[in-house]
Amino acid sequence: MAVIELTTEQAFDDLVKSKELSVVHFFAPWAEQCSQVDDVLGEMSKLEQNKEVKFAKIEAENVPEVSLKSGVAVVPTVLLLRNSNVIGRVDGADVSALTEKVKHHLSNKDSLLLDAAKAKESLEDRLKKLVNQAPCMLFMKGSPANPRCGFSRTIVSILDNYKTDYKSFDILQDNDVREGLKKFSNWPTYPQLYLNGELIGGLDIVKEMNESGELESMLPKKESVDAN
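Residues numbered from 1 in each chain as written. Predicted model: local features only at pLDDT ≥ 70, side-chain atom pairs only at ≥ 80, totals over all residues. Heavy atoms only, no water.

### Concerning the packing of helix H2 (residues 32–44) against helix H4 (residues 95–107)
In a packed pair of helices, the relevant descriptors are the angle between the two axes and the axis-to-axis distance. For clarity, the threshold we go by: Each axis is a line fitted through C-alpha atoms, and for a helix only the stretch in contact is used; angles between axes span 0 to 180 degrees, taken between their N-to-C directions. Numbering of helices and strands runs from the N terminus; a helix is a DSSP stretch of H or I covering at least four residues, while a strand is a stretch of E covering at least two. Throughout, a crossing is termed right-handed when the near helix is turned clockwise from the far one, and left-handed when it is turned anticlockwise from it by less than a right angle. Throughout, a residue-residue contact means that at least one pair of heavy atoms, one from each residue, lies within 4.5 Å. Throughout this entry, Asp, Glu, Lys and Arg are counted as charged residues, while Ala, Val, Leu, Ile, Met, Phe, Trp, Tyr, Cys and Pro are counted as nonpolar. The remaining residues, Gly among them, count as polar.
H4 packs onto H2 with a crossing angle of 30 degrees between their chain directions and a minimal axis gap of 11 Å. Judged by the twist between their axes, the crossing of H2 over H4 is right-handed. Facing H2, whose interface residues are Gln36, Val40, Leu41 and Met44, H4 presents Val95, Leu98, Thr99 and Val102. For the contact of H2 with H4, the per-class residue count stands at six nonpolar, two polar and no charged.

### Structural notes on the pattern of salt bridges
Pairing between side chains of opposite charge can happen when their charged atoms approach one another. Going by this rule: What counts as a salt bridge is simple: a side-chain nitrogen of Lys or Arg found within 4 Å of a carboxyl oxygen of Asp or Glu. Exposed residues in this analysis have more than 50% of their type's maximum accessible area, buried residues have under 20%, and partly exposed residues fall in between, with area computed by a 1.4 Å probe over protein chains only.
The final tally for this structure, using the stated rule, is nine salt bridges. Ionic pairing is found between Lys17 and Asp14, a salt bridge with its closest N-O pair at 3.7 Å. Lys17 gets classed as exposed once you look at its relative accessible area, which sits at 53%. Judged by its relative accessible area of 38%, Asp14 is partly exposed. The salt bridge involving Lys57 is made with Asp38; its shortest N-O contact spans 3.5 Å. A residue pair is termed long-range when its members are at least 10 positions apart, and Lys57 in strand E3 (residues 54–59) and Asp38 in helix H2 qualify at 19 residues. Residues participating in the shared-partner salt-bridge network are Glu9, Asp13 and Lys69.

### Let's talk about the packing of aromatic side chains
The cut-off we apply is this: Two rings belonging to Phe, Tyr or Trp (six-membered ring only in the last case) form a pair when the distance between their centres is within 6.5 Å. Interplanar angles under 30 degrees mark stacking, angles over 60 mark edge-to-face geometry, and anything in between is tilted.
The final tally for this structure, using the stated rule, is three aromatic pairs. Note on Phe139 and Phe169: the rings are 5.8 Å apart at their centroids and 40 degrees apart in plane angle, and the pair reads as tilted. Of this pair, Phe139 sits in strand E6 (residues 136–140) while Phe169 sits in strand E9 (residues 167–170), placing them 30 residues apart in sequence. The exposure class of Phe169 is buried, given its relative accessible area of 16%. A centroid spacing of 5.4 Å and a plane angle of 75 degrees characterise the contact between Phe139 and Tyr194, whose relative ring orientation is edge-to-face.

### Description of unusual backbone geometry
In this structure, the amide linkage connecting Val75 to the following residue, Pro76, adopts the cis form with an omega of -5 degrees. Tracing the backbone shows Pro76 in the loop between helix H3 (64–69) and strand E4 (77–82). Although it is not a glycine, Ser84 sits at a positive phi angle of roughly 70 degrees. Mapped onto the secondary structure, Ser84 falls in the loop between E4 and strand E5 (85–91). One non-glycine residue, Asn196, lies in positive phi territory at about 50 degrees. By secondary structure assignment, the location of Asn196 is in the loop between strand E10 (192–195) and strand E11 (198–201). Relative accessible area serves as the criterion here: at 60%, Asn196 is assigned to the exposed category.

### With respect to helix H1 (residues 9–16)
The condition that has to hold: Here the arc refers to the directions that run from the helix axis out to each C-beta atom.
Of the positions making up H1, those classed as buried are Phe12, Leu15 and Val16. Summarising the axial view, the buried residues of H1 lie within an arc of 85 degrees, below the 170-degree limit, and thus occupy one face. Against the buried residues of H1 lie strand E1 (4–6), strand E2 (22–27), E3, H3 and E4.

### Section: the sheet that holds E9
What holds strands together in a sheet is hydrogen bonding between their backbones, with the strands either parallel or antiparallel. To keep things clear, this is the line we draw: Paired strands, as defined in this entry, are two strands with at least two bridges between them according to DSSP.
An order of E9-E6-E10-E11 is seen for the four strands of this open sheet, with the pairing classed as mixed. In this open sheet, the two strands that pair with only one neighbour each are E9 and E11. Averaged over all neighbouring strand pairs, the angle between strand axes comes to 25 degrees, with direction disregarded. Two strands pair when backbone bridges link them, and E6 and E9 are joined in this way by four bridges, in the parallel orientation. Paired with Met140 across the strands is Asp170, a residue of E9. Sheet contacts for helix H6 (residues 150–161): E6 and E10; angle to E6, the most-contacted strand, approximately 160 degrees.

Below you can see the structure in the form of structure tokens.
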């Protein structure tokens, strides 16, 4: 793949958001060292082992907003990026450092993907355990004693009215669970009510089931304690 010339901030953002490795040379036409870096990138782009790498160059002074947000103050500077994040940089025409860093980040790609897969797997395992932590689980904003939104307050009131035996989880305290559970359950809002590990729904569905009379029989009840 040839070296792409980027001329706008949008073109830069579009290129570097890829999960594949992007190598971007910030150059100036008056700087002799930049020509040397251009030649090196041109040769690297032809190599089979670099076929998935996106090589590009951008004139630093023509797109100052990109240079500024990327922390580029001198030319030549080469940034290595993945998913819009800078993961490496080479200041000056240091050819050996450049080739070494590209090689390093390419070889680390598999381990990075593996780490991401493990993180996803462990979050899914955690979510499965959480939704099965009790026969009735409520994922809400705040706690039953101190709900942090009107929807959560209403659903707590419905459950308490039936003396439901349930546990709750405050999604405001754990962003991984808050975002992960939306995908896990394919339900974008909170609160979420689970019975025996299965999603019943949010407040609207719980209210409908309550009004139709089918909710009470489904809920586990607290054991009554006789007063002395």
